[in-house]
Amino acid sequence: MTSQIIAGLLLSEAVLPKSLSQVLMSQDNVQLLGTFGEFGYTFFVFLSGVKMDMSMVTRVGSKACYLAIISILVPMLYAVSSIVLFSNNQEELTTILYLLPLFYMTSFPVIHCLLTELKILNSELGRLARSTTIIADFLSFFSGLGVIFALDATKGAPAAFSSELVTVNQTCLCAIVVVFLVSMRLIPEGFNKFSLMVIYVLGLSVPHGPPLGSALVEKFECMASGLFLPIFVTTCSMRLQKLTPDFKNEMVKSMQKMHKHDAYALSLILRSKGVIELAAYTFMSDGKMLSPEVFLAGLTFVAFSASIVPVLVRQFYAPTRKYAGYQIRKTMDAKLDTELQIAACIHVPNNVTSVINMLNIFYSTRETPLAVNVLHLVKLNGVAAPVFLSHQKRCKSVTGYWYSENVILSFKKFEGNHFGAVTMNAFTAICPPELMHDDICILALDKLASLIVLPFHRTWYIDGSLESEDHIIRNLNLKVLEKAPCSIGILIDHGSIRRPIYSDALTDSYHNVAMPFFGGNDDREALTLAKRMARNHKVRLTVAQFIAKSKGEVEVDWEIILDSEVLRDAKSNEYINYINHVVKDGHETVKIIHSMVNEFDLIIVGRRYNIEDPQTSGLKEWSEFPETGITGDLLASKDLTGKCSVLAVQQQHIN
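Residues numbered from 1 in each chain as written. Predicted model: local features only at pLDDT ≥ 70, side-chain atom pairs only at ≥ 80, totals over all residues. Heavy atoms only, no water.

1. What about the overall build of the chain?
Across its full length, the chain holds 23 helices and 13 strands. Within the chain, buried positions represent 54% of all 655 residues. Within the chain, counting contacts between residues at least 6 apart in sequence, those at least 24 apart form 84% of the total. Carbon and sulfur atoms make up 59% of the accessible area of the chain, which totals about 29700 Å². (Helix = DSSP H or I, 4+ residues; strand = E, 2+ residues; numbered from the N terminus. Buried < 20%, exposed > 50% of the residue type's maximum accessible area, 1.4 Å probe, protein only. Contact = heavy atoms within 4.5 Å. Areas by Shrake-Rupley, 256 points an atom, 1.4 Å probe, with all protein chains shown as cover.)

Printed below as a string of structure tokens:
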């Protein structure tokens, strides 16, 4: 928005020569641009109402309510006291009272846009700011109405809003649905100044989310926010008449006495200003309520807020600080007689089958229990605020349950088949894809998970041919790999473990599992998982160690000692088949890895990112998916004809 304000400023009378500005701001141009701009702003207000979930008002916590009351009450009292002290006459006091709500109001659409821009919409701070803003927005709304009604009652309210707006509003709403046009025509002429409030309420009356809310947002938001709203912002600053304020003006003096914002991230967010406040200043200026000096001050204030607040918030707040002092959890540290916490992510129905069959291979008994925290990730348009639901605490009627009903039922059945050995908790996260990694990491942190299971971005048909490829999921996986507070496993399902998902110990089927071992943290983590699976008497585990053909003495370092320690029981355990392959380069490794594809149902590999040794020399340049590592990439190739599924494991290294 700052660049749009500057563009309008450069085209204003305050900068351009008067002769040129008169041509640009001719009657026809003003009418055309004004109509487009007001159309865009009206649509923005309406869609903000459509995306708003009214039920969130009843779900915010007491902390958010207290913050909302304080964020409105304290600046309101300060502003009122300043106005009483520094205003000289009744006419000036009336005008300042109209400006009063702009200084303490907290606008949900503005805060939502700021949080989205900062990519902290569903972070811990973002959730608190969003909940606080919802309550503060309603308090601001009703206090603003109170000011208007009070001034109307005393006959002191000037015509702040042009009646032309109503025509624009009717045209806007008529393009969406006829009932809005009918509603607008029923509004009495005396309520024209409330037309934008009516628009917002009409937006709130539209059910958020699919089908109607999502369809409206998906079809019209790009046009409104990408085209018409920038025109509105630019035309607002084009109204500027001069750049030099008159500091003798009493209203400017009173504004200089307003309080300074707190230098903390939350207060900066709650006090940020945007297009809502800019529109109010513009409409008041058009209604001759504001002098050019005050309009300049208001425009400067909004531009400063839109420019500086995001920078300061980034300095004061980093979502990853929540992990400070948190010990990164690994499956290597999890004792067999304690519950192993796993966070499993689900995008599409095929993921349910893949994850459940992989979990079936884990050795879960009453003595070695498994806790599965299932997170169904839903991309949803038409909702302003991300939603995170725990299905243990909410009833079926709550929004979000029906999106995840099949997922919940499938995992509940899996839990029942392993009664006493598996505990299942189901969650739904409805948010933009670029923010999903925060929900995944926060869930893993809160549940003290040792492993996050992520579906691979490619899916295959049962015959092994490539079905689809989703780059949004791939970007999500990369973000989780970077920020997760525990180990991560990317599950690549080629179709081999898509057997009936509720096979249990009563069946005679065996799971053939392999673990190619090269060495390093990730391989040791992967081997730990594989050895846990090997405790299941229905699992036949093969550990294949790849050893470089020596060309002289090999220096023994700490990594080699750790590798030898974790391999010791694999070599001596009668339930594990240990073999070793001596290879001279990556070409020989590829041949052996590809030969394993048709022999095993599941292959567990370490990611070993940016690690290259003689056993994998020459393979890094051909790696297509670094998130799975060199070995995982070999097994994730779309040219691979086998149906073996792969779990690529990374032991997290965040300090």
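Next comes the rest of the account.
2. Comments concerning the pattern of salt bridges
The full count for this structure, using the stated rule, is 11 salt bridges. For the salt bridge of R524 with D563, the shortest nitrogen-to-oxygen distance reads 2.7 Å. One end of the pair, R524, is in helix α20 (residues 521–534); the other, D563, is in helix α21 (residues 558–572), and 39 residues separate them in sequence. The residues R524 and D563 share a single accessibility class, namely buried. Three or more residues joined by partner-sharing salt bridges are found here, namely R458, E469 and E624. (Salt bridge = Lys/Arg side-chain N within 4 Å of Asp/Glu carboxyl O.)

3. Quick look at the side chain of R474
Along the chain, the position of R474 falls in helix α19 (residues 471–483). For R474, a relative accessible area of 18% gives the class buried. Residues in contact with R474, not counting those within four places in the same chain, are H457, E624, F625, P626 and E627.

4. Details of unusual backbone geometry
The general pattern is negative phi for most residues beyond glycine and trans for most peptide bonds. Although it is not a glycine, L448 sits at a positive phi angle of roughly 55 degrees. By the secondary structure assignment, L448 is in the loop between α18 (436–446) and β5 (451–455).

5. Quick word on the sheet that holds strand β1 (residues 340–346)
Here we have 11 strands laid out as an open sheet, ordered β3-β4-β2-β1-β5-β8-β13-β12-β9-β10-β11, and mixed in their pairing. Each end of this open sheet is capped by a strand with a single partner; those strands are β3 (387–390) and β11 (576–583). Here the average twist between neighbouring strands, direction ignored, is 20 degrees. Examined bridge by bridge, β1 and β5 share 3 bridges and lie parallel to one another. From the neighbouring strand, A344 faces β5, where its bridge partner is V453. (Pairing = 2+ DSSP bridges. Axes fitted to C-alpha atoms, helices over the stretch in contact; angles between N-to-C directions.)

6. What to know about the nonpolar core
If you look at the biggest cluster of nonpolar residues, it comprises 45 residues, and the most contacted ones within it are L359, F362, V372, F411, V543 and I604. When near neighbours in sequence (up to four residues on either side) are disregarded, F362 contacts L340, I342, L370, L451, L529, R532, M533 and N536. Ranked by size, the runner-up nonpolar core spans 44 residues in total, among them L202, F232, M284 and F295. (Core = buried A, V, L, I, M, F, W, Y, C linked by side-chain atoms within 4.5 Å.)

7. What about the packing of helix α14 (residues 275–286) against helix α15 (residues 292–316)?
Here α14 crosses α15 at 170 degrees, and the two axes come no closer than 10 Å. When the axes of α14 and α15 are compared, the pair comes out roughly antiparallel. Along its contact with α14, which presents E277, L278, Y281, T282 and S285, the element α15 presents F295, G298, L299, F301 and V302. (Parallel < 35°, antiparallel > 145°, perpendicular 65-115°, else oblique.)

8. Here we look at the pairing of strand β13 (residues 645–650)
Among the 6 residues that make up β13, 6 are buried, leaving the element largely enclosed by the rest of the structure. Burial of β13 is two-sided: the residues S645, L647 and V649 facing one way and the residues V646, A648 and Q650 facing the other way are all buried. Across 5 bridges, strand β12 (residues 602–606) lies against β13 in parallel orientation. Directly across from G606, in β13, lies its bridge partner V649.

9. Some remarks on the confidence of the model for the chain
Mean pLDDT over the chain: 75, with 71% of residues reaching 70 or higher. Taken element by element, the chain is modelled with least confidence in helix α8 (residues 164–174), mean pLDDT 38, and with most confidence in β5, mean pLDDT 95. For residues 256–263, every residue scores under 50 in pLDDT, and the model assigns this stretch 17 contacts once sequence neighbours within four places are set aside. In this model residues 395–400 is a low-confidence stretch, pLDDT under 50, and it forms 9 contacts with partners more than four residues away in sequence or in other chains. (pLDDT = per-residue confidence, 0-100.)

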